[in-house]
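Structural overview
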Amino acid sequence: MTARRPLSVAIQMDPIHAININADSTFALGLEAQARGHELFYYEPHELSMRDGRVFAHMRPMTLRREVGNHSTLGSGEKRFLDDIDVVLMRQDPPFDMSYITLTHMLETVHPKTLVVNDPAEVRNAPEKLFAVRFKGLLPPTLITRDPGEIRAFREEFKDIIVKPLFGNGGAGVFRLTEEDQNLNSLLEMFGQMNREPVIVQKYLPEVRQGDKRIILVEGEPVGAINRIPAEGEARSNMHVGGVAEKWSLTPREREICDAIGPELKKRGLIFVGIDVIGEYLTEINVTSPTGIQEIDRFDNANLSALVWDAIEARKS
(Lines give C-alpha, C1' and ligand atoms only; values in the text may rest on other atoms or scores of the structure.)
Protein backbone atom coordinates (compact mmCIF):
# COMPACT_ATOMS: atom_id res chain seq x y z
CA MET A 1 0.00 0.00 0.00
CA THR A 2 1.42 3.41 -0.97
CA ALA A 3 0.99 6.32 1.39
CA ARG A 4 -1.02 9.26 0.09
CA ARG A 5 1.81 11.55 1.19
CA PRO A 6 5.20 11.16 2.89
CA LEU A 7 4.96 11.38 6.66
CA SER A 8 7.43 12.70 9.20
CA VAL A 9 8.00 9.87 11.67
CA ALA A 10 9.81 10.25 15.00
CA ILE A 11 10.87 7.04 16.73
CA GLN A 12 11.24 7.27 20.50
CA MET A 13 13.41 4.30 21.39
CA ASP A 14 16.35 2.94 23.35
CA PRO A 15 19.87 3.45 21.90
CA ILE A 16 19.78 2.40 18.26
CA HIS A 17 23.42 1.34 18.14
CA ALA A 18 22.72 -1.50 20.61
CA ILE A 19 19.84 -3.24 18.82
CA ASN A 20 19.90 -6.65 17.13
CA ILE A 21 18.76 -5.77 13.62
CA ASN A 22 17.67 -9.35 12.90
CA ALA A 23 15.28 -9.44 15.86
CA ASP A 24 14.30 -5.88 16.72
CA SER A 25 10.71 -4.99 15.78
CA THR A 26 11.37 -1.24 15.92
CA PHE A 27 14.10 -1.62 13.30
CA ALA A 28 11.70 -3.50 11.01
CA LEU A 29 9.04 -0.82 11.45
CA GLY A 30 11.58 1.89 10.66
CA LEU A 31 12.81 0.12 7.53
CA GLU A 32 9.25 -0.25 6.25
CA ALA A 33 8.48 3.42 6.91
CA GLN A 34 11.63 4.43 5.06
CA ALA A 35 10.75 2.16 2.11
CA ARG A 36 7.41 3.97 1.85
CA GLY A 37 9.12 7.33 1.55
CA HIS A 38 8.50 8.54 5.09
CA GLU A 39 11.10 10.76 6.77
CA LEU A 40 12.61 9.21 9.90
CA PHE A 41 13.78 10.98 13.04
CA TYR A 42 15.30 9.40 16.12
CA TYR A 43 15.44 10.39 19.77
CA GLU A 44 15.84 8.64 23.10
CA PRO A 45 13.28 9.00 25.91
CA HIS A 46 15.51 11.28 28.02
CA GLU A 47 15.58 13.76 25.13
CA LEU A 48 11.84 14.47 25.37
CA SER A 49 10.96 17.75 27.11
CA MET A 50 8.00 20.03 27.73
CA ARG A 51 8.16 23.82 27.89
CA ASP A 52 5.03 25.81 28.77
CA GLY A 53 2.87 22.85 27.77
CA ARG A 54 4.53 22.24 24.39
CA VAL A 55 6.46 19.01 23.88
CA PHE A 56 9.73 18.83 21.95
CA ALA A 57 12.74 16.59 21.56
CA HIS A 58 16.28 16.89 20.28
CA MET A 59 15.93 14.63 17.24
CA ARG A 60 18.28 13.45 14.55
CA PRO A 61 17.32 12.53 11.00
CA MET A 62 17.86 8.79 10.58
CA THR A 63 18.59 6.45 7.69
CA LEU A 64 18.39 2.69 8.22
CA ARG A 65 19.90 -0.24 6.33
CA ARG A 66 20.02 -3.96 6.98
CA GLU A 67 23.78 -4.14 7.46
CA VAL A 68 25.08 -5.62 10.71
CA GLY A 69 27.34 -3.08 12.41
CA ASN A 70 26.35 -0.34 9.97
CA HIS A 71 22.57 -0.29 10.31
CA SER A 72 21.93 3.41 10.97
CA THR A 73 23.16 6.85 10.02
CA LEU A 74 22.12 9.79 12.18
CA GLY A 75 22.20 13.40 11.07
CA SER A 76 22.75 16.50 13.18
CA GLY A 77 20.45 16.91 16.15
CA GLU A 78 17.92 19.69 16.26
CA LYS A 79 15.07 20.73 18.51
CA ARG A 80 11.74 19.78 16.94
CA PHE A 81 8.26 20.17 18.38
CA LEU A 82 6.21 16.99 18.30
CA ASP A 83 3.08 18.79 17.18
CA ASP A 84 4.93 19.42 13.89
CA ILE A 85 5.55 15.67 13.42
CA ASP A 86 2.99 13.38 11.76
CA VAL A 87 3.65 10.12 13.66
CA VAL A 88 5.53 9.19 16.83
CA LEU A 89 6.36 5.55 17.49
CA MET A 90 6.70 5.09 21.26
CA ARG A 91 9.02 2.10 21.23
CA GLN A 92 11.30 2.22 24.27
CA ASP A 93 11.30 -0.91 26.41
CA PRO A 94 9.74 -0.98 29.87
CA PRO A 95 10.05 -1.10 32.90
CA PHE A 96 6.69 0.56 33.14
CA ASP A 97 7.75 2.93 35.91
CA MET A 98 6.99 6.56 36.74
CA SER A 99 9.44 7.72 34.07
CA TYR A 100 7.53 5.72 31.45
CA ILE A 101 4.19 6.98 32.76
CA THR A 102 5.41 10.61 32.69
CA LEU A 103 6.34 10.23 29.02
CA THR A 104 2.82 8.99 28.22
CA HIS A 105 1.40 12.14 29.84
CA MET A 106 3.67 14.31 27.73
CA LEU A 107 2.88 12.48 24.50
CA GLU A 108 -0.83 12.58 25.26
CA THR A 109 -0.75 16.36 24.78
CA VAL A 110 0.07 15.99 21.06
CA HIS A 111 -2.09 12.95 20.25
CA PRO A 112 -4.06 12.45 18.00
CA LYS A 113 -2.99 15.47 15.87
CA THR A 114 0.38 13.81 16.00
CA LEU A 115 -0.52 10.14 15.88
CA VAL A 116 1.28 8.37 18.72
CA VAL A 117 1.50 4.59 18.32
CA ASN A 118 0.26 3.17 20.57
CA ASP A 119 -2.14 5.78 22.01
CA PRO A 120 -0.16 7.00 25.05
CA ALA A 121 -3.16 7.40 27.35
CA GLU A 122 -4.28 3.87 26.60
CA VAL A 123 -0.77 2.50 27.04
CA ARG A 124 -0.80 4.11 30.47
CA ASN A 125 -4.24 2.67 31.23
CA ALA A 126 -3.38 -0.83 30.01
CA PRO A 127 -0.32 -2.04 31.94
CA GLU A 128 0.36 -5.38 30.42
CA LYS A 129 -0.31 -7.78 33.24
CA LEU A 130 -3.09 -5.73 34.88
CA PHE A 131 -4.93 -5.09 31.61
CA ALA A 132 -5.20 -8.80 30.86
CA VAL A 133 -7.18 -9.53 34.03
CA ARG A 134 -10.09 -7.50 32.67
CA PHE A 135 -10.90 -10.33 30.28
CA LYS A 136 -12.66 -12.88 32.45
CA GLY A 137 -12.14 -16.55 31.74
CA LEU A 138 -9.05 -16.06 29.58
CA LEU A 139 -6.32 -16.09 32.26
CA PRO A 140 -5.07 -18.90 34.48
CA PRO A 141 -5.75 -18.47 38.23
CA THR A 142 -4.09 -15.14 39.01
CA LEU A 143 -3.37 -13.21 42.20
CA ILE A 144 -2.10 -9.61 42.44
CA THR A 145 -0.99 -8.66 45.94
CA ARG A 146 1.76 -7.61 48.35
CA ASP A 147 0.32 -9.74 51.14
CA PRO A 148 2.66 -12.67 51.88
CA GLY A 149 -0.16 -14.60 53.53
CA GLU A 150 -2.26 -14.44 50.38
CA ILE A 151 0.67 -15.65 48.29
CA ARG A 152 1.32 -18.57 50.64
CA ALA A 153 -2.35 -19.52 50.53
CA PHE A 154 -2.31 -19.35 46.72
CA ARG A 155 0.67 -21.68 46.59
CA GLU A 156 -0.98 -24.03 49.07
CA GLU A 157 -4.01 -24.18 46.77
CA PHE A 158 -2.18 -24.64 43.45
CA LYS A 159 1.11 -26.23 44.66
CA ASP A 160 3.16 -24.90 41.74
CA ILE A 161 3.20 -21.17 41.00
CA ILE A 162 4.92 -18.41 39.03
CA VAL A 163 5.81 -15.13 40.80
CA LYS A 164 6.87 -12.11 38.77
CA PRO A 165 7.07 -8.30 38.98
CA LEU A 166 3.83 -6.59 38.03
CA PHE A 167 5.56 -4.06 35.77
CA GLY A 168 8.60 -6.01 34.59
CA ASN A 169 9.41 -7.14 31.07
CA GLY A 170 11.42 -9.63 29.08
CA GLY A 171 11.17 -12.41 31.64
CA ALA A 172 13.24 -10.50 34.22
CA GLY A 173 12.46 -11.45 37.81
CA VAL A 174 10.21 -14.39 36.93
CA PHE A 175 10.37 -17.24 39.46
CA ARG A 176 8.76 -20.66 39.57
CA LEU A 177 8.07 -21.93 43.08
CA THR A 178 6.90 -25.47 43.71
CA GLU A 179 5.23 -26.68 46.88
CA GLU A 180 8.55 -27.83 48.35
CA ASP A 181 10.54 -24.70 47.47
CA GLN A 182 11.83 -22.94 50.60
CA ASN A 183 12.70 -19.62 48.93
CA LEU A 184 9.27 -17.97 48.98
CA ASN A 185 9.92 -15.78 52.04
CA SER A 186 13.32 -14.66 50.78
CA LEU A 187 11.87 -13.91 47.36
CA LEU A 188 9.09 -11.77 48.82
CA GLU A 189 11.61 -9.91 50.97
CA MET A 190 13.67 -9.19 47.85
CA PHE A 191 10.67 -7.90 45.91
CA GLY A 192 9.67 -5.76 48.90
CA GLN A 193 13.11 -4.16 49.06
CA MET A 194 13.10 -3.41 45.33
CA ASN A 195 9.81 -1.50 45.23
CA ARG A 196 6.41 -1.00 46.85
CA GLU A 197 4.43 -2.56 44.03
CA PRO A 198 2.39 -5.74 44.26
CA VAL A 199 3.60 -8.86 42.51
CA ILE A 200 1.58 -11.03 40.16
CA VAL A 201 1.23 -14.71 41.03
CA GLN A 202 -0.18 -17.29 38.64
CA LYS A 203 -0.73 -21.02 38.63
CA TYR A 204 2.19 -22.65 36.85
CA LEU A 205 1.11 -23.99 33.48
CA PRO A 206 3.08 -27.14 32.57
CA GLU A 207 1.99 -26.57 28.96
CA VAL A 208 4.77 -23.97 28.79
CA ARG A 209 7.14 -26.87 28.07
CA GLN A 210 5.33 -27.13 24.70
CA GLY A 211 5.76 -23.41 24.18
CA ASP A 212 4.58 -19.89 24.89
CA LYS A 213 2.87 -18.35 21.88
CA ARG A 214 3.45 -14.73 20.86
CA ILE A 215 0.53 -13.55 18.73
CA ILE A 216 0.67 -10.17 16.97
CA LEU A 217 -2.54 -8.18 16.50
CA VAL A 218 -2.87 -5.12 14.29
CA GLU A 219 -5.99 -3.01 14.83
CA GLY A 220 -7.35 -5.86 16.94
CA GLU A 221 -6.91 -8.55 14.28
CA PRO A 222 -4.40 -11.42 14.61
CA VAL A 223 -1.86 -11.28 11.79
CA GLY A 224 0.77 -13.84 12.81
CA ALA A 225 2.22 -15.95 15.59
CA ILE A 226 5.28 -17.86 16.74
CA ASN A 227 5.73 -20.48 19.42
CA ARG A 228 8.63 -19.94 21.83
CA ILE A 229 10.03 -23.11 23.40
CA PRO A 230 11.87 -22.58 26.70
CA ALA A 231 15.38 -23.92 27.08
CA GLU A 232 15.91 -27.08 29.11
CA GLY A 233 15.67 -26.31 32.82
CA GLU A 234 14.24 -22.82 32.16
CA ALA A 235 10.73 -21.68 33.15
CA ARG A 236 10.88 -18.65 30.83
CA SER A 237 10.42 -18.83 27.08
CA ASN A 238 11.73 -15.35 26.19
CA MET A 239 14.13 -15.64 23.28
CA HIS A 240 16.85 -13.52 24.85
CA VAL A 241 17.10 -16.05 27.72
CA GLY A 242 17.42 -19.03 25.41
CA GLY A 243 13.89 -19.63 24.12
CA VAL A 244 13.71 -21.01 20.60
CA ALA A 245 11.09 -19.79 18.13
CA GLU A 246 9.14 -22.11 15.83
CA LYS A 247 6.45 -21.60 13.22
CA TRP A 248 2.90 -21.54 14.59
CA SER A 249 -0.67 -21.42 13.28
CA LEU A 250 -3.44 -20.25 15.58
CA THR A 251 -5.59 -22.84 17.32
CA PRO A 252 -9.36 -22.35 17.69
CA ARG A 253 -8.82 -21.37 21.35
CA GLU A 254 -6.21 -18.78 20.40
CA ARG A 255 -8.58 -17.31 17.81
CA GLU A 256 -11.26 -17.20 20.50
CA ILE A 257 -8.91 -15.22 22.74
CA CYS A 258 -8.09 -12.79 19.91
CA ASP A 259 -11.80 -12.36 19.13
CA ALA A 260 -12.49 -11.58 22.78
CA ILE A 261 -9.85 -8.88 23.18
CA GLY A 262 -9.50 -7.52 19.63
CA PRO A 263 -12.41 -5.05 19.58
CA GLU A 264 -11.25 -3.49 22.86
CA LEU A 265 -7.71 -3.08 21.55
CA LYS A 266 -8.91 -1.31 18.42
CA LYS A 267 -11.29 0.93 20.38
CA ARG A 268 -8.43 2.02 22.62
CA GLY A 269 -6.12 2.92 19.73
CA LEU A 270 -3.74 0.07 20.52
CA ILE A 271 -2.71 -0.48 16.91
CA PHE A 272 0.23 -2.85 17.42
CA VAL A 273 -0.10 -5.41 20.22
CA GLY A 274 1.56 -8.70 21.12
CA ILE A 275 -0.20 -11.20 23.36
CA ASP A 276 1.21 -14.26 25.10
CA VAL A 277 -0.73 -17.52 25.30
CA ILE A 278 0.29 -20.69 27.15
CA GLY A 279 -1.89 -23.71 26.60
CA GLU A 280 -5.49 -22.51 26.80
CA TYR A 281 -4.70 -19.29 28.67
CA LEU A 282 -3.85 -15.67 27.91
CA THR A 283 -1.00 -14.57 30.18
CA GLU A 284 -0.08 -11.04 29.02
CA ILE A 285 -1.16 -8.27 26.64
CA ASN A 286 1.94 -6.36 25.50
CA VAL A 287 1.10 -2.81 24.43
CA THR A 288 4.27 -0.88 25.27
CA SER A 289 6.93 -2.24 22.91
CA PRO A 290 5.75 -5.54 21.40
CA THR A 291 8.30 -7.74 19.66
CA GLY A 292 8.29 -10.82 17.46
CA ILE A 293 7.45 -9.52 14.01
CA GLN A 294 10.79 -10.36 12.39
CA GLU A 295 10.61 -13.97 13.57
CA ILE A 296 7.06 -14.31 12.28
CA ASP A 297 8.04 -12.72 8.97
CA ARG A 298 10.78 -15.29 8.45
CA PHE A 299 8.55 -18.27 9.23
CA ASP A 300 5.52 -17.03 7.28
CA ASN A 301 7.29 -15.17 4.45
CA ALA A 302 5.27 -12.16 5.56
CA ASN A 303 5.73 -8.45 6.23
CA LEU A 304 3.91 -7.54 9.43
CA SER A 305 5.53 -4.09 9.48
CA ALA A 306 3.61 -3.33 6.27
CA LEU A 307 0.34 -4.20 8.01
CA VAL A 308 1.20 -1.88 10.90
CA TRP A 309 2.01 0.96 8.48
CA ASP A 310 -1.18 0.31 6.50
CA ALA A 311 -3.07 0.86 9.74
CA ILE A 312 -1.11 3.99 10.64
CA GLU A 313 -1.54 5.51 7.16
CA ALA A 314 -5.26 4.74 7.25
CA ARG A 315 -5.56 6.69 10.50
CA LYS A 316 -3.58 9.60 9.01
CA SER A 317 -5.54 9.76 5.75
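For the structure, see preceding data.
Residues numbered from 1 in each chain as written. Predicted model: local features only at pLDDT ≥ 70, side-chain atom pairs only at ≥ 80, totals over all residues. Heavy atoms only, no water.

1. Observations concerning the overall build of the protein chain
Counting secondary structure elements, the protein chain contains 9 helices and 17 strands. Along the first, second and third principal axes, the C-alpha atoms of the protein chain reach 60 × 45 × 40 Å. A fraction of 66% describes how many contacts in the protein chain between residues 6 or more apart in sequence connect residues 24 or more apart. Across the protein chain, the mean location of the 38 positive side-chain charges is 3 Å away from that of the 47 negative side-chain charges. (Helix = DSSP H or I, 4+ residues; strand = E, 2+ residues; numbered from the N terminus. Contact = heavy atoms within 4.5 Å. Lys, Arg positive; Asp, Glu negative; His and termini not counted. Charge placed at Lys NZ, Arg CZ, Asp CG, Glu CD.)

2. As for the environment of Phe272
Tracing the backbone shows Phe272 in strand 16 (residues 272-278). With a relative accessible area of 3%, Phe272 lands in the buried category. Along the backbone, Phe272 and Leu282 are 10 residues apart, and their C-alpha atoms lie at a distance of 17 Å. (Buried < 20%, exposed > 50% of the residue type's maximum accessible area, 1.4 Å probe, protein only.)

3. Comments concerning the packing of helix 5 (residues 148-158) against helix 6 (residues 184-194)
Viewed as axis vectors pointing N to C, helix 5 and helix 6 meet at an angle of 140 degrees, and their least axial separation amounts to 11 Å. Classified by the interaxial angle, the pair formed by helix 5 and helix 6 is oblique. Judged by the sense of rotation from one axis to the other, the crossing of helix 5 with helix 6 is right-handed. Every residue of helix 6 that contacts helix 5 at Pro148, Ile151, Arg152 and Arg155 is listed here: Leu184, Asn185 and Leu188. Split into classes, the residues belonging to the contact of helix 5 with helix 6 amount to 4 nonpolar, 1 polar and 2 charged. (Axes fitted to C-alpha atoms, helices over the stretch in contact; angles between N-to-C directions. Parallel < 35°, antiparallel > 145°, perpendicular 65-115°, else oblique. Left-handed = near helix turned anticlockwise from the far one by under 90°. Nonpolar A, V, L, I, M, F, W, Y, C, P; charged D, E, K, R; others polar.)

4. Quick word on the pairing of strand 1 (residues 8-12)
Burial runs high along strand 1: 5 of the 5 residues are buried. Neither face of strand 1 is exposed, since Ser8, Ala10 and Gln12 on one face and Val9 and Ile11 on the opposite face are all buried. Following the chain from strand 1 across helix 1 (residues 25-35) to the adjacent parallel strand 2 (residues 39-43), one finds a crossover that is right-handed. Sheet topology places strand 1 next to strand 7 (residues 87-90); 4 bridges connect them, and they run parallel. Residue pairing in the sheet places Ile11 in a bridge with Leu89 of strand 7. (Right-handed = clockwise from strand over helix to strand, strands pointing away. Pairing = 2+ DSSP bridges.)

5. Re the sheet that holds strand 12 (residues 199-203)
Strand order in the open sheet made by the 4 strands is 9-12-10-11, with antiparallel pairing throughout. Each having just a single partner strand, strand 9 (142-145) and strand 11 (175-177) make up the two edges of the open sheet. The mean angle between the axes of side-by-side strands here comes to 25 degrees, regardless of whether they run parallel or antiparallel. Of the strand pairs in this sheet, strand 10 (residues 161-165) and strand 11 are connected by 3 bridges, and their pairing is antiparallel. Bridge pairing in strand 11 places Val163 opposite Phe175. Across the sheet, helix 6 is in contact with strand 10, strand 11 and strand 12; its angle to strand 11 comes to roughly 150 degrees.

6. Regarding the sheet that holds strand 15 (residues 244-247)
Strand pairing in a sheet relies on backbone hydrogen bonds, with the paired strands running either antiparallel or parallel. Ordered by their spatial adjacency, 5 strands build an open sheet running 15-14-13-16-17, and the pairing between neighbours is antiparallel. Whereas interior strands pair on both sides, the edge strands pair on one side only; in this sheet they are strand 15 and strand 17 (281-286). Going from strand to strand, the sheet's axes swing by 30 degrees on average, the running direction of each strand aside. Where strand 13 (residues 212-218) and strand 16 come together, 6 bridges link them in antiparallel fashion. Each residue of the ladder has a partner; that of Ile216, found in strand 16, is Gly274. Packing of helix 7 (residues 252-267) onto the sheet brings it into contact with strand 13, strand 14 (221-229), strand 16 and strand 17, and relative to strand 16 it is tilted by some 150 degrees. Sheet strands in contact with helix 8 (residues 293-300) are strand 13, strand 14, strand 15 and strand 16, and its direction is about 95 degrees off that of strand 14.

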